[in-house]
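So you can see what is in the structure, the chains are spelled out below.
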Amino acid sequence: MRITTWNVNSIKQRVGHLLGFLDEAKPDVVCLQELKCQDAAFPRAEIEAAGYAVEALGQKAYNGVALLVRAPLRYTQLLRGLPGDAEDEQARYIEALVHGEDAAPVRIASIYLPNGNPAPGPKYAYKLAFMARLRTHARALMATEEALVLAGDFNVIPEPEDAADPAAWTEDALFLPETRRAFRALLAEGFTDGLRACEPSAGLYTFWDYQAGCWPRNQGIRIDHLLLSPQAADRLVSASVQRHLRGLEKPSDHVPVTVELSDG
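Residues numbered from 1 in each chain as written. Predicted model: local features only at pLDDT ≥ 70, side-chain atom pairs only at ≥ 80, totals over all residues. Heavy atoms only, no water.

Rules: UniProt positions are given in the numbering used here, feature names are shortened, and annotations may be inferred rather than shown by experiment.
An unreviewed UniProt entry lists the chain under the name Exodeoxyribonuclease III, with Methylorubrum podarium given as the organism. Comment text from UniProt for the chain, heading Sequence similarities (unreviewed entry), reads "Belongs to the DNA repair enzymes AP/ExoA family."

### A short note on helix H1 (residues 11-25)
Counting along an α-helix, one turn takes 3.6 residues, and residues three or four places apart therefore face a common direction. To be explicit about the condition: Under the scheme used here, helices are H or I runs from DSSP no shorter than 4 residues and strands are E runs no shorter than 2 residues, and both carry numbers assigned from the N terminus. For a helix, the expected span equals 1.5 Å multiplied by the number of residues minus one. Note on bend: at a given residue it equals the angle between the axes fitted to the 7 residues ending there and to the 7 starting there. The cut-offs for exposure are 20% and 50% of the maximum accessible area for each residue type, with area from a 1.4 Å probe on protein chains only; residues under the lower value are buried, those over the upper are exposed, and the others partly exposed. Contacts are assigned to residue pairs that have any heavy atoms within 4.5 Å of one another.
Taking 1.5 Å as the rise per residue, H1 with 15 residues should run 21 Å; its terminal C-alpha atoms sit only 18 Å apart, a clear shortfall. Histidine 17 marks where H1 bends most, by close to 35 degrees. Looking at H1, one finds that the buried residues are Ile11, Arg14, Val15, His17, Leu18, Phe21 and Leu22. In this structure, the buried side of H1 is in contact with strand S1 (2-7), strand S2 (29-33), helix H2 (44-49), strand S3 (52-57), strand S4 (65-70) and strand S12 (257-261). Just past H1, the residue lysine 26 takes up positive phi, approximately 50 degrees.

### Section: the pattern of salt bridges
As a reminder, the rule being used: Between Lys or Arg on one side and Asp or Glu on the other, a salt bridge is scored when a side-chain nitrogen of the former is within 4 Å of a carboxyl oxygen of the latter.
Going through the model one piece at a time under the given rule, you end up with 14 salt bridges. Two residues, aspartate 39 and arginine 80, come together in a salt bridge whose shortest N-O distance is 3.1 Å. Of this pair, aspartate 39 sits in the loop between S2 and H2 while arginine 80 sits in strand S5 (residues 74-80); the two residues are 41 residues apart in sequence, bridging distant segments of the chain. Exposure remark for aspartate 39: the relative accessible area of 31% places this residue in the partly exposed category. Arginine 80 sits in the partly exposed class, given a relative accessible area of 40%. Residue glutamate 146 pairs with arginine 107 through a salt bridge whose shortest N-O separation is 2.7 Å. In this pair, glutamate 146 is assigned in the loop between helix H3 (122-142) and strand S8 (147-153) and arginine 107 in strand S7 (residues 106-112), connecting sequence segments 39 residues apart. Overall, glutamate 146 belongs to the partly exposed group, its relative accessible area being 23%. Looking at arginine 107, the relative accessible area reads 7%, which means it is buried. When salt bridges that share partners are traced, they join Asp162, Asp193, Arg196 and Arg222 into one network.

### Some remarks on the environment of aspartate 88
Convention followed: Under the rule applied, a polar contact is a pair of N or O atoms within 3.5 Å (in protein, one hydrogen donor and one hydrogen acceptor; residues adjacent in sequence only if both atoms are side-chain atoms).
Inspection of the secondary structure puts aspartate 88 in the loop between S5 and strand S6 (93-99). Along the primary structure aspartate 88 and phenylalanine 183 are separated by 95 residues, whereas in three dimensions their C-alpha atoms are 21 Å apart. With near-sequence residues (within four places) excluded, aspartate 88 lies in contact with Tyr126, Phe130 and Arg133. Within the structure, the side chain of aspartate 88 is placed 3.0 Å from the backbone nitrogen of glutamine 90, a separation counted as a polar contact. Polar contacts involving the side chain of aspartate 88 include one to the side chain of tyrosine 126, which spans 2.9 Å.

The structure is reproduced here in structure tokens:
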């Protein structure tokens, strides 16, 4: 089972890139973030025509997450929204149990964690509260001992080697010590960083800002992650970054990241 996460930074602007990627890579499950559209405006027909079932949780102009599941895989137990705060209206979390024909099922979540800037401030407080809720929910899921993958744009730079210029990010919410502690606390629930388990070298990035020539100078950061429960980590075959998609015309500032799991 190949599982991809990708912050598309507007699905309506990037649907052509997405369809090209689906045809090229044929991932089994795709976790999308930053759709920037309501559910009714999601290009469902085009993606279904490519062979994928679609579940989206949209929001006008902001946020938005989706799960795409390639036939003949199927899914059950859909959860729309992260538990723990009934007042939270931001579209940042969607989860389902995905079943393969011959593979053991995998529970997969698409997550768009808050950016949190400026910090300190209410946006940063929301980010940390969201991370605490995610940890609580993840702990409950881990107790089921299912294969679990938390995939998405976490807006967290875990370590200095995950940034081309760490000093440039020291005051940013993505790299503040409290952010990184919260991310490590999530990992400490028993998760494996899927990409780092396969590719420990520095210089591995998933986001390049549109400004200041960041892409041609490779001034990137790694903020898109796939976190694997022990049962999923035991099935990890490979992990990769589809870096070439950043070089397309009018690309997202993020690129897809993919893990492959054995059938289990």
